[in-house]
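# Breakdown of the fold
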Amino acid sequence: MKKLRNHALVATAFLFTGASAMAASEMPQAAKQMDHSMGTSSTKVAKNPAMDHGSMDMQMQGGPAPSDARDPHAYSGGFTLQSGPYAMNGYQRLRLADEKSFGSVLFDSLEAVRSDGKTSGSYDILGRFGRDYNKFVLKAEGEVASGKLQEARTEALWSHAVATFWDAQLGLRHDSGIGPNRSWLAMGIQGLAPYWFEVDAAAYVGSGGRTALRLSADYELLLTQRLIVQPRIEANFYGKSDVARDIGKGLSDVPPGIRVRYEFTRQFAPYVGVEWANRFGQTADLARAAGEQTRNTRYVAGVRFWF
């Protein structure tokens, strides 16, 4: 054992001595090569094809991308392009909200009216169908008493967005009920005014030189998220008298009112309210001549819903 240990020590010393000698002999040569390469580094870089920019990019990128690689500009999820910059294989192209048509019907009021010991009914309906910028609008408003339609106004309009929250409207208006029917060309604007007032203004031109102007505005005051107070006012003007329909020239009527509704859901809300019907000018004169009141209070109860 002692002899084996001595032989191992001798072999180790020999290997260490040989390695040191080799390192000492190679150091000057390595230093020369380093110094020579430093002196001529620009020449070697220019001549080395691996350091060329194009070759370097290819080496860093790992070569050209495969034909089925995901487009880096496409949406995530591993989709591959089918055709065009935004088409995705197996999926429909992206559609924005104003590329689809939507429809809704709002019964703004469907109510029973109590006035002077008599009960009648009234309705106010707004229908829309189309896109954000262009849509078809149907407005219908009227009163029914004793099973007969007393008066009604129906408008069919093309509505076009002209500004944020504002639509310009063009179409036809038709008046029916007691008395002769009247047709008008309608032009107006409807939208949301500052401080959240809903505004609807329209001008009308009819046969025989008849003209009319209607203005209405309402506001929704939220007492809670479900309990809402809604004051509303409307004014009607006529350019000439229409005795057959009990309408006088000038300011005809202004029926302000207020309603309080409770929204069980956004789509269904019963309400109660009160209105003050006022007639003015020549319209009031025609009402007095027919034995009717020019001012009266009307109590209403109904439901507001949409779908």
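In this report, we go over the structure that sits alongside the text. (Residues numbered from 1 in each chain as written. Predicted model: local features only at pLDDT ≥ 70, side-chain atom pairs only at ≥ 80, totals over all residues. Heavy atoms only, no water.)

Let us now look at the overall build of the chain. Broken down by element type, the chain carries four helices and 14 strands. For the chain, the residues scored as buried account for 27% of the 307 residues in total. Contacts in the chain between residues far apart in sequence, at least 24 positions, make up 40% of those at least 6 positions apart. Total accessible area on the chain is roughly 20,500 Å²; 62% of this is exposed by carbon and sulfur atoms. (Helix = DSSP H or I, 4+ residues; strand = E, 2+ residues; numbered from the N terminus. Buried < 20%, exposed > 50% of the residue type's maximum accessible area, 1.4 Å probe, protein only. Contact = heavy atoms within 4.5 Å. Areas by Shrake-Rupley, 256 points an atom, 1.4 Å probe, with all protein chains shown as cover.)

Buried within helix α4 (residues 281–289) we find Thr283, Ala284 and Ala287. Angularly, the buried residues of α4 cover 100 degrees about the axis, an arc narrow enough to put them on a single face. Turning to α4, the residues buried within the fold contact β11 (250–253). After α4 finishes, the residue Gly291 shows a positive phi value of roughly 80 degrees. (Arc of directions from axis to C-beta.)

Let us now look at the pattern of salt bridges. Inspection of the entire model under this criterion finds 20 salt bridges. Glu155 serves as the salt-bridge partner of Arg153, at 2.9 Å between the closest nitrogen and oxygen. Each of the two residues, Arg153 as well as Glu155, counts as buried. Beyond isolated ion pairs, a larger network of salt bridges with shared partners links Lys139, Glu141, Arg153, Glu155, Asp200 and Arg214. (Salt bridge = Lys/Arg side-chain N within 4 Å of Asp/Glu carboxyl O.)

Another aspect to go through is the side chain of Arg182. Looking at where Arg182 falls in the secondary structure, it is placed in strand β6 (residues 182–193). Side-chain polar atoms of Arg182 contact the side chain of Asp242, separated by 2.9 Å. Setting aside residues no more than four positions away along its own chain, Arg182 makes contact with Arg173, His174, Asp175, Arg210, Asp242, Ala244 and Arg245. (Polar contact = N/O pair within 3.5 Å; in protein donor to acceptor, adjacent residues only side chain to side chain.)

Moving on, we get to the pairing of strand β10 (residues 227–238). Looking along a regular strand, one sees side chains alternate from face to face of the sheet. As paired elements, strand β8 (residues 211–219) and β10 share seven bridges and run antiparallel to each other. Looking at β10, one finds that Ser216 is bridged to Glu234. As defined by bridge partners, strand β9 (residues 221–222) adjoins β10 across two bridges and the pair is classed as antiparallel. Counted as the bridge partner of Leu222 is Ile228 from β10. Here six bridges tie β10 to strand β12 (residues 257–262), and the two strands are oriented antiparallel to one another. (Pairing = 2+ DSSP bridges.)

Right, let's talk about the environment of Asn278 for a bit. Along the polypeptide, Asn278 turns up in strand β13 (residues 268–278). In this structure the C-alpha to C-alpha distance between Asn278 and Arg295, which are 17 residues apart in sequence, comes to 4.6 Å.

Next up on the list: a nonpolar patch on the surface. Taken together, the side chains of Trp158, Leu170, Leu172, Leu185, Met187 and Val205 make up a nonpolar region of the molecular surface, amounting to roughly 550 Å² of accessible area. For the nonpolar patch, the secondary-structure elements that each account for two or more residues are β5 (166–177) and β6. Relative to the elements of secondary structure, Leu172 occurs in strand β5. (Patch = residues over 30% accessible without salt bridge, like charges linked within 9 Å, V, L, I, M, F, W, Y side chains within 5 Å.)

Moving on, we get to the side chain of Asp124. Relative to the elements of secondary structure, Asp124 occurs in strand β2 (residues 118–130). For Asp124, which is buried and forms no salt bridge, the nearest opposite charge comes from Arg232, at a distance of 4.3 Å. Setting aside its immediate chain neighbours within four residues, Asp124 contacts Leu106, Phe107, Asp108, Ser109, Ala140, Glu141 and Arg232. (Lys, Arg positive; Asp, Glu negative; His and termini not counted.)

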